[in-house]
Amino acid sequence: MPTSATSSAPTRTVALPGGLTVTIQEFGENTEGTGVLVLHGGAGPRTVAGISAALSEHVYVVAPIHPGFDGTPRPDRFDTVADLAIAYLDLLDTLDLKDVMVIGNSVGGWIAAEMALRDNQGRIGALTLLNAVGIHAHMVENRVVDPRNMAPADISQLSFAKAEFRPDFASFTDEQRAAGAANQKTLAVYGGEHFTYDPKLRARLHRVTVPVLVIWGEEDGIAPLKYGRGYADSFPNSRFVPIADAAHFPQIEQLGATLGAIGDFVDTVVKPGSTD
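What counts and what doesn't
Residues numbered from 1 in each chain as written. Predicted model: local features only at pLDDT ≥ 70, side-chain atom pairs only at ≥ 80, totals over all residues. Heavy atoms only, no water. Helix = DSSP H or I, 4+ residues; strand = E, 2+ residues; numbered from the N terminus. Rg over C-alpha atoms; globule rule 2.2 N^0.38 Å. Buried < 20%, exposed > 50% of the residue type's maximum accessible area, 1.4 Å probe, protein only. Contact = heavy atoms within 4.5 Å. Areas by Shrake-Rupley, 256 points an atom, 1.4 Å probe, with all protein chains shown as cover. Lys, Arg positive; Asp, Glu negative; His and termini not counted. Charge placed at Lys NZ, Arg CZ, Asp CG, Glu CD. Arc of directions from axis to C-beta. Salt bridge = Lys/Arg side-chain N within 4 Å of Asp/Glu carboxyl O. Polar contact = N/O pair within 3.5 Å; in protein donor to acceptor, adjacent residues only side chain to side chain. Phe/Tyr/Trp six-rings, centres within 6.5 Å; stacked < 30°, edge-to-face > 60°. Pairing = 2+ DSSP bridges. Axes fitted to C-alpha atoms, helices over the stretch in contact; angles between N-to-C directions.

### Brief notes about the overall build of the chain
For the chain, the helix and strand inventory stands at eight helices and eight strands. The C-alpha radius of gyration computed for the chain amounts to 17 Å, which stays within 12% of the reference 19 Å derived for 276 residues, consistent with globular compactness. Principal-axis analysis of the C-alpha atoms places the extent of the chain at approximately 50 × 40 × 35 Å. Taken over 276 residues, the chain has a buried fraction of 50%. Pairs at least 24 apart in sequence give 78% of the contacts found in the chain among residues at least 6 apart. Carbon and sulfur atoms make up 49% of the accessible area of the chain, which totals about 12,200 Å². Counting 21 positive and 32 negative side-chain charges, the chain places the averaged centre of each group 6 Å from the other.

So this is what it looks like as structure tokens:
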């Protein structure tokens, strides 16, 4: 799966309740007790490094590596999206962050939605979903493509609107191929039987009370635009922003437009009237 440039952001391991440890990258400094939690999708942490670095010019950013990705440990008992959601709520408790915006791409958006449903400490202030998966579409033509039996090049074709962003898999080393395969195996564990969705999630999202921004690359061949609109409509307080000339990774193909949509959402919905 595709990746963007790696980041030099500091990395550390955080111990969470229950014996779990999570590796996080930190962008910027925690000076105000708040921040942004950025959750990567199945393509790995490097796909959110660029947006994390850009956001850190304004706010403290934490970008965890999902346990099992990029060689990090994953306990056998830790095997669902719900487990990830609870772990990241524990992470926010451990870091003592409040009014957090959780930003998630692809399965990271699914995790973000599950977090909002379980946030009994009120840590989350808003969600931003970037071409998220997690709900089941009513119409067959709007459903998320299951990539498990597809060649990497075919997945890349559906994931990027612009050819220059598609990785050259022929140039990958054996080590890179093995790492990518291991990440996909971990993703399959978390996805479970249905892989790209929880059949019960959509009906629960009316309980999410924080404001939600749903950003969607219009040319996504993995999760169609109408799927994104349906996702946004599932929340009681949401805004839907399509992004032209982008597919499954708008934060990579159209970083400026994605940041602009987030900034406008913060200024007009999350913190209207703020001078920050």
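### Brief notes about helix α4 (residues 152–159)
Listed as buried for α4 are Ile-155, Ser-156 and Ser-159. Around the axis of α4, the buried residues are gathered within 100° of arc, so they sit on the same side. On its buried face, α4 is in contact with α7 (250–253).

### Some details on the pattern of salt bridges
Within this structure, the stated rule accounts for eight salt bridges. Residue Arg-123 pairs with Asp-96 through a salt bridge whose shortest N-O separation is 2.9 Å. In this pair, Arg-123 is assigned in the loop between α3 (107–118) and β6 (124–130) and Asp-96 in the loop between α2 (81–95) and β5 (100–105), connecting sequence segments 27 residues apart. Classification of Asp-96 as partly exposed rests on a relative accessible area of 39%. In this structure, Asp-264 engages Arg-239 in a salt bridge whose closest nitrogen and oxygen atoms are separated by 2.8 Å. One end of the pair, Asp-264, is in helix α8 (residues 255–270); the other, Arg-239, is in strand β8 (residues 238–243), and 25 residues separate them in sequence.

### Points about the side chain of Asp-220
For Asp-220, the position within the fold is in the loop between β7 (212–217) and α6 (225–233). The side chain of Asp-220 is buried and forms no salt bridge, while Arg-166, the nearest opposite charge, is found at 11 Å. A distance of 2.9 Å separates the side chain of Asp-220 from the side chain of Asn-131, its partner in a polar contact. In this structure the side chain of Asp-220 is engaged in a polar contact, spanning 2.7 Å, whose partner is the side chain of His-248.

### Description of the side chain of His-40
By secondary structure assignment, the location of His-40 is in the loop between β3 (36–39) and α1 (49–55). Excluding residues that lie within four positions of it along the chain, His-40 makes contacts with Pro-45, Thr-47, Val-48, Pro-64, Ile-65, His-66, Phe-69, Asn-105, Val-107 and Gly-108.

### Observations regarding the environment of Ser-52
By the element assignment, Ser-52 lies in helix α1. Each residue touching Ser-52, except ones within four places of it in the same chain, is listed here: Phe-27, Val-38, Val-61 and Ala-63.

### Some thoughts on the packing of aromatic side chains
Counted under the stated rule, the structure contains seven aromatic pairs. Seen in terms of ring centroids, Phe-78 and Tyr-190 are 6.0 Å apart; in terms of plane orientation they differ by 90°. Their pairing is edge-to-face. Note that Phe-78 is positioned in the loop between β4 (61–65) and α2 and Tyr-190 in helix α5 (residues 174–191), a separation of 112 residues in sequence. The burial state of Phe-78 is the same as that of Tyr-190; both residues are buried. Between Tyr-231 and Phe-235, the aromatic rings sit 6.1 Å apart at their centres with planes inclined by 5°, giving stacked as the arrangement. Judged by relative accessible area, which is 0%, Tyr-231 ranks as buried. Through a chain of ring-to-ring contacts, three or more aromatic side chains come together here, namely Trp-216, Tyr-227, Tyr-231 and Phe-235.

### Looking at α6
One full turn of an α-helix is made of 3.6 residues, so residues set three or four places apart face in the same direction. Residues of α6 that are buried: Tyr-227, Gly-228, Gly-230, Tyr-231 and Ala-232. The inward-facing, buried residues of α6 contact α3, β6, β7 and β8.

### A few points about the sheet that holds strand β2 (residues 21–27)
Reading across from one edge, β1-β2-β4-β3-β5-β6-β7-β8 is the order of the eight strands in this open sheet, with mixed pairing throughout. Two strands close off the open sheet at either side, each with one partner strand: β1 (11–15) and β8. Averaged over neighbouring strand pairs, the angle between their axes works out to 25° when direction is ignored. Note: β6 against β7, four bridges, orientation parallel. Considered in β7, the bridge of Leu-127 is made with Val-212. Contacting β6, β7 and β8, α6 crosses the sheet at an angle of about 165° to β8.

### A short note on the pairing of β2
Counting buried positions along β2 yields six of seven residues, so the element is predominantly enclosed. Note that β1 and β2 share five bridges and pair antiparallel. Pairing of Arg-12 across the sheet is with Ile-24, part of β2. Connecting β1 to the antiparallel partner β2 that follows it, the hairpin turn spans five residues, and Gly-18 within it adopts a positive phi of roughly 85°. Sheet topology note: the β2/β4 ladder contains five bridges and is antiparallel. From the neighbouring strand, Phe-27 faces β4, where its bridge partner is Val-61.

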